[in-house]
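# A look at the structure
These are the residues of each chain, in order.
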Amino acid sequence: MKTSSIQIVVLVIAAGCAASPDWPPAKFANAPAVHRVDDRRNVPVPPAERPVYLNFYNYNGVVLRPLTRAMELPPPQRALGVNALDEVPDSTWFTNRIGVREMTLDELRTGPNEVGSPELHRPWTVHRTKPGAPELGLFITDARGLKFLLKFDLPGHPEEETAAHVIAGKLLWACGQHVTDDYVVQFGPGDLVVAPDAVVEDVFGNTRPLGRAELDDLLRSTPATPAGRLRAMASSWLPGKLLGGVLSEGVREDDPNDRIPHEMRRDLRGAYSMVAWVDHVDMQEGNFVDAWIEDGGRHYVVHHMIDFGKALGVMNTTKLNPRPGFEYDVDFGAMGHWLGTLGIVRRPWDGTSSPPIRGVGIFDADRFDPDGWTPGTQAYLPLLIADRFDKFWGAKIVIRFTPEQIRAMVETGRFSDPRAVNYLTSTLVARQRATARTWFDRVNPLDRFAIAPHGDGAELCFDDLALVYKLGAAPAATRYGLRSYDRTGKEIAAATTVRPTGAGGHACIGPLTLAPGGDRYTLFRVETTRPDIALATLVYVALDPRTSTPRVIGIYRL
């Protein structure tokens, strides 16, 4: 069997265990976990471009598809695209970054940026305007000949969208998402040169010539910096052939590497915790894009999340609407609720306002509910059906950032008021910790399982993330219980109970009793109990065929 086929089988086995709450019917193979998916096989012919028609997409997602899904009675299903250790391998969808390896502050400030800011390569040639957006957008090439999209802040909202786009993009990139190469830039009108064939394009694709006088009029409507300069967000054009938006349900049929239905992908479903953290409410098919790229003689499709200018509470300020993040734009359930309460019940967004700080939207932590946060539309299915295991996975990534790392990325918003950096950093830290507390109370927060020597035998070690990150759990009130079973589910040793070995959240239980048999295949049920919770995780252990020492081969969270 080819390596790629083995990887697929392991992924399916690891992700498809979802029948019994305690004893998954499929056991994990005694093999190393998959950490990189082989989804870069050559696709010599570019898949078809897929335009996104937002009106139809929203009607289908908000009205039609919920009705048809309800009639289908789909059972809850665990996400796919996870490995035997319940993690998401690297792929054309997602790349593990923060926490998997050390990331310096300079690396986080740079983020996905590879080509370098066009601010250092002026003048810029304007070719056409961006159609359909309320804010001004210009397609330009810099003095190197590289193509960028310039997007400007809306009148009355200086620095908001430009900063939010860059900051949220860097945070999501560090989480593992594939995003665009974006920069906050400042320049003067004289740095723009109008191409002889420059055009203004409307939403219907109609064009007319763009002259210098009209460009100057457009620029005068955008907020200036305190120093009188122009400010924009410059987004580098993605390499390869752009194929349009990414389906939120099903697969791209003409891409042989695209085999997991998108609504079942852990990297998309688990993004709920990440996008809720940064309040990226504009999650919809049009804000994803596929690109067919060339890489070492091969061609394949890479999937990107794009357009974060409405994150960090900016959607609420620019739309003059405090509801995003609390309710869907069209929310029939909420309509019925508020109609029934006759306006007597206080709504969660009542009293919200942006702080009096230039560049900051309506973004706070006091009203943030990590379990009740909603994107702008319920049409984006992966977020709608994400379960507690998906959100736990996302929360594990979100909590890995230190305040210093968060601050370093916030600083790339290039705010003129230093209070904006302080406010956004403290708010992101508070929302980060609220996210972790919420999902670490819903899923056993034990992680980083490993086998360590213990005398003549071995012990099972792990980190309690609620204690590691000091989220309010008390070490003295925490107990870990261990039961061991053979591959048939028969208990093979008396239960063991231990306390954490210290306030740092690391604990070990041993010596372990392994099941008899050639590879000593053993299932351990590890339970964490505190005054308010009792949650368990199944840990599969077997002997490494090469070294004959026990190793963790699978994790299944209950």
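The rules we used
Residues numbered from 1 in each chain as written. Predicted model: local features only at pLDDT ≥ 70, side-chain atom pairs only at ≥ 80, totals over all residues. Heavy atoms only, no water. Pairing = 2+ DSSP bridges. Helix = DSSP H or I, 4+ residues; strand = E, 2+ residues; numbered from the N terminus. Axes fitted to C-alpha atoms, helices over the stretch in contact; angles between N-to-C directions. Contact = heavy atoms within 4.5 Å. Buried < 20%, exposed > 50% of the residue type's maximum accessible area, 1.4 Å probe, protein only. Polar contact = N/O pair within 3.5 Å; in protein donor to acceptor, adjacent residues only side chain to side chain. Left-handed = near helix turned anticlockwise from the far one by under 90°. Nonpolar A, V, L, I, M, F, W, Y, C, P; charged D, E, K, R; others polar. Core = buried A, V, L, I, M, F, W, Y, C linked by side-chain atoms within 4.5 Å. Phe/Tyr/Trp six-rings, centres within 6.5 Å; stacked < 30°, edge-to-face > 60°. Lys NZ or Arg CZ within 6 Å of the ring centre and 35° of its normal. pLDDT = per-residue confidence, 0-100.

Here the focus is the sheet that holds strand β15 (residues 506–509). Strand order in this open sheet of three strands is β11-β12-β15, and the pairing throughout is antiparallel. On the outer flanks of this sheet lie β11 (446–454) and β15, each paired with one strand and no other. Across the sheet, the mean angle from the axis of one strand to that of its neighbour is 25°, orientation sign disregarded. By the bridge criterion, four bridges tie strand β12 (residues 457–464) to β15 in an arrangement that is antiparallel. Among the inter-strand pairings, Phe462 is bridged to a residue of β15, identified as Ala507.

The next subject is the sheet that holds strand β4 (residues 182–187). The mixed open sheet is built from seven strands, whose spatial order is β4-β7-β3-β2-β1-β5-β6. In this open sheet, the two edge strands, each paired with only one partner strand, are β4 and β6 (207–209). Neighbouring strand axes in the sheet, compared pairwise and without regard to direction, differ in orientation by 30° on average. Sheet analysis places strand β1 (residues 124–129) next to strand β5 (residues 192–201), joined by four bridges and oriented parallel. Its bridge partner lying in β5, Val126 is registered against Val194. The strands that helix α4 (residues 160–175) touches are β3 (147–151), β4 and β7 (230–236); relative to β4, the one it contacts most, it runs at about 150°. Lying over the sheet, helix α5 (residues 212–220) contacts β1, β2 (137–141), β5, β6 and β7, oriented at roughly 85° with respect to β5.

The subject of this paragraph is the environment of Gly270. Mapped onto the fold, Gly270 is located in the loop between α6 (266–269) and α7 (271–277). Overall, the relative accessible area of 0% leaves Gly270 in the buried class. Sequence separation between Gly270 and Asp390 is 120 residues; the distance between their C-alpha atoms is 4.3 Å. Setting aside anything within four residues of it in sequence, one finds Gly270 in contact with Asp390, Trp393 and Gly394.

Residue position: Asp463 is located in strand β12. Within the structure, the side chain of Asp463 is placed 3.1 Å from the side chain of Arg448, a separation counted as a polar contact. Here His506 takes part through its side chain, which lies 2.7 Å from a polar atom of the side chain of Asp463. Each residue touching Asp463, except ones within four places of it in the same chain, is listed here: Pro445, Leu446, Asp447, Arg448, Val468, Gly505 and His506.

With their axes 9 Å apart at the nearest point, helix α11 (residues 388–398) and helix α13 (residues 418–440) run at an angle of 145° to one another. Seen along the crossing, α11 lies across α13 with a hand that is left-handed. Taken together, the residues of α13 that come into contact with α11 (itself represented by Arg388, Lys391, Phe392, Ala395, Lys396 and Val398) are Gln432, Thr435, Ala436, Trp439 and Phe440. Per-class residue counts for the contact of α11 with α13 are six nonpolar, two polar and three charged.

All right, on to the nonpolar core then. Trp277, Leu312 and Leu428 are the most contacted members of the largest nonpolar core, which has 57 residues in total. For this core, the secondary structure elements donating two or more residues are α4, α7, α8 (314–318), α11, α12 (403–410) and α13. Here this core gets nine residues from one element, more than from any other, and that element is α4. The contact partners of Trp277, leaving out residues within four places of it in the chain, are Leu171, Cys175, Phe363, Phe368, Val398, Phe401, Ile406, Leu428, Arg431, Gln432 and Thr435. Val126, Leu138, Ile140 and Tyr183 belong to the second-largest nonpolar core, a separate cluster that totals 21 residues.

Let us look at the packing of aromatic side chains. Applying the stated criterion across every chain, the model contains 13 aromatic pairs. Members of the aromatic cluster, each reached through a chain of ring pairs, are Phe28, Tyr521 and Tyr540. Looking at Arg78, its charged tip hangs above the ring of Phe389, at a distance of 3.7 Å from the centre. Lying over the aromatic face of Phe368, Arg431 brings its terminal NZ or CZ to 3.9 Å of the ring centre.

Turning our attention to the confidence of the model for the chain. Any residue range with low pLDDT should be treated as having predicted coordinates unsuitable for detailed reading. Looking at the chain as a whole, its pLDDT mean stands at 91, while 95% of the residues score no less than 70. Taken as a whole, residues 1–21 scores under 50 in pLDDT and shows 34 contacts with residues more than four places along the chain or in a different chain.

Inspection of the secondary structure puts Phe524 in strand β16 (residues 522–530). Exposure remark for Phe524: the relative accessible area of 1% places this residue in the buried category. Remark: the alpha-carbon pair of Phe524 and Asp279, spanning 245 residues in sequence, is separated by 38 Å.

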